[in-house]
Structures are given as structure tokens and as C-alpha cells.
Amino acid sequence: KSVFIFKMRHANRLLPVISSVRGMATLKDIEIRLKSVTNIKKITSSMKMVSGAKFNKAEKELRPARPYGAAAKDFYENTDAESVAKDSSSDLKHVIVALTSDRGLCGAANSSVAKTVRNYINDHPKEKDNIRIVAIGDKSRSMFQRNLSKNMLMHFTGVGRYPASFADAAKIAESITSSDFEFNKASLYYNIFKTVLSYETTCQPLYSLETVTKSEKLPIYDSMDEEAVRCYNEFLLTSVIYYGLKEAAASEQSARMTAMDSATKNAGEMIDKLPLLRNRTRQA
């Protein structure tokens, strides 16, 4: 064994000469890291292209779906259903529908919906026992299962694998209305697509048949008997869910495309810096 030491003038003090600094990356480490970052860049670049193609399709399908959501909003505003629901707030039974996706890697598109729902429940502690959550998407189910498992009513998966259809929304609406929990108010939390770089988490209130029929402004719609109101209210619930699915799909794909674009740029910057570090390490 050979040890290189540096002898000081004062014979009692000896210091070892360290040949390599602890924590410094070796040439092999840098090569492995450069290879892995290059592979990551290829993956994120491919995911960006796939998300871009899906986003173009989702944006085209969103345009004809927007009148469904606008019609429901106008009906509830014209009948003043919100005021009726406030008058019966003492017996309020609230269903919250949280609309997210099954997949991640799309920024805060999923977590913002879950955060908004949690904030509402925390701000209304007296209503917590009368609130039930319908989780559409595997991400919302996993987020609410931790702290709000007692409030979970049902969940749906398979969101985002295929473009949502009106039949899918009808199945969700039928499951909610036929559940054992008799609600008089429902709220749909979802993301509204604004631009490629932005979306907005919003809440669309929905009301039960009993709340709508109690409205004094309902007679402004001529020839609306009880059966017609019931059918139309079920149609509105389905329409809003269908519209929310389309908005959420466009928001998800745009957010994922933006996230993958940022990841690709960051990987490219790292790839530009790693060869310089490799050369310096080689020459050291």
C-alpha cells in the first residue's frame, strides 16, 4: 500500500493528499446520466406529439358540446333554482361530482380539482356529513380516498382512454340519480379549457327535480308538466356531465402537452451542459 502525504515544516502535523473529491461525478456516472437524460427527452418529446394530436381532436369535439353546458346554465338561472336551494339549506344533501382523468403527467389539472373540492368541504364543516363525492377518474378517487373515504359515494374509471360520448355521460347520470343518497343539490367540479397554456377550475351547480319544481319562475316555460320537467332535468344532468367531460379532456391534453414541452426543453438544456462537465472531468 502506498500513501502520498505532504510533510509540513512542523514535523508533528501531517496532511494526506486526497486524489479525488467525495461526491464528484466520475466519467462513468456522467455518461450514464447523459444517456438517461437523452432517453427521457425522446420519451417526453413523443408524449408531447401524442398529446398534441389528441388535443386537436379534443378541441374539435369541444365546440359542439359547449351548447349543452350553456343550455343547462341558462335554465337554472331563469328558474332561479339557486334561491330555492338556499331556502331549503337546512335539509341540504349535496352531491359533489369531481371530474379528473385516469392519467397524470398533466401539471396541476387533476390536483386543482381535488384541491377546490377539499377547500369547499373544509369551508363548510357543518355540511360535511351531508356531502357525498362522485369521483370521475382514477386520480380523483385516489386523492379523496385518503381523507374523505367516508364521503365517497361512487367512482368511475376509464376516463380519457377514449373520447367521451353522450352515452357515457348518461350512464354516469343514471348511476347518480338511482343511488340510495337522495340529494337536492349537486355540483360538478371540472376544468374549463381557456387556451393551450391555461385552464380554469370551475363549479357548475345542478339541482334535483324537487328543487326545480318548487321554483316560482318555472311557469315561464309553457306546457311543462311534471313528467316533462322530470325528463328535462335528467337530460340537463347528462348534458352538463357530457360537457364537463369534453372540457376536461381538452384541458388535460393541453396541460400534458405543455408539461411535456417544458420537460423536453429542460432535458435539452441538461444535455447541452453534461458534455461540458464530462470534458472538464476528463481533463481534471
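Refer to the structure presented above.
Reference entry: report on the structure contained in this document.

The rules behind each value
- Residues numbered from 1 in each chain as written.
- Predicted model: local features only at pLDDT ≥ 70, side-chain atom pairs only at ≥ 80, totals over all residues.
- Heavy atoms only, no water.
- Core = buried A, V, L, I, M, F, W, Y, C linked by side-chain atoms within 4.5 Å.
- Buried < 20%, exposed > 50% of the residue type's maximum accessible area, 1.4 Å probe, protein only.
- Helix = DSSP H or I, 4+ residues; strand = E, 2+ residues; numbered from the N terminus.
- Contact = heavy atoms within 4.5 Å.
- Pairing = 2+ DSSP bridges.
- Right-handed = clockwise from strand over helix to strand, strands pointing away.
- Phe/Tyr/Trp six-rings, centres within 6.5 Å; stacked < 30°, edge-to-face > 60°.

What about the nonpolar core?
Of all hydrophobic cores here, the largest spans 38 residues; its most connected members are Y76, V95, V134, I136, I176, I241 and L245. Element by element, the count of residues in this core is highest for helix α7 (residues 226-283), at nine residues. Ignoring any residue separated from it by four or fewer positions in sequence, one finds I241 in contact with L99, A169, I172, A173, I176 and L188. In this structure, V113, Y120, I121 and M143 belong to the second largest nonpolar core, which totals 15 residues.

Observations concerning the pairing of strand β5 (residues 152-156)
The sheet contact formed by strand β4 (residues 131-136) and β5 spans four bridges and is parallel. Bridging across to β5, I136 finds its partner in F156. In the classification by handedness, the crossover that spans β4, the intervening helix α4 (residues 138-147) and the parallel β5 is right-handed.

A closer look at the packing of aromatic side chains
One pass over the structure, following the stated rule, counts ten aromatic pairs. For the ring pair F75 and Y76, a centre distance of 5.8 Å and an interplane angle of 65 degrees mean the geometry is edge-to-face. Like Y76, F75 is buried. Here Y76 and Y207 contribute two aromatic rings whose centre-to-centre distance is 5.2 Å and whose plane-to-plane angle is 75 degrees, an arrangement assigned as edge-to-face. Here Y76 is found in helix α1 (residues 27-79), whereas its partner Y207 is found in strand β7 (residues 198-207), with 131 residues between them in sequence. On the accessibility criterion, Y76 (6% relative accessible area) is buried. Y207 sits in the buried class, given a relative accessible area of 5%. One aromatic cluster is present, built from ring pairs that chain together Y68, F75, Y76, F166, Y207, Y232, F235 and Y242.

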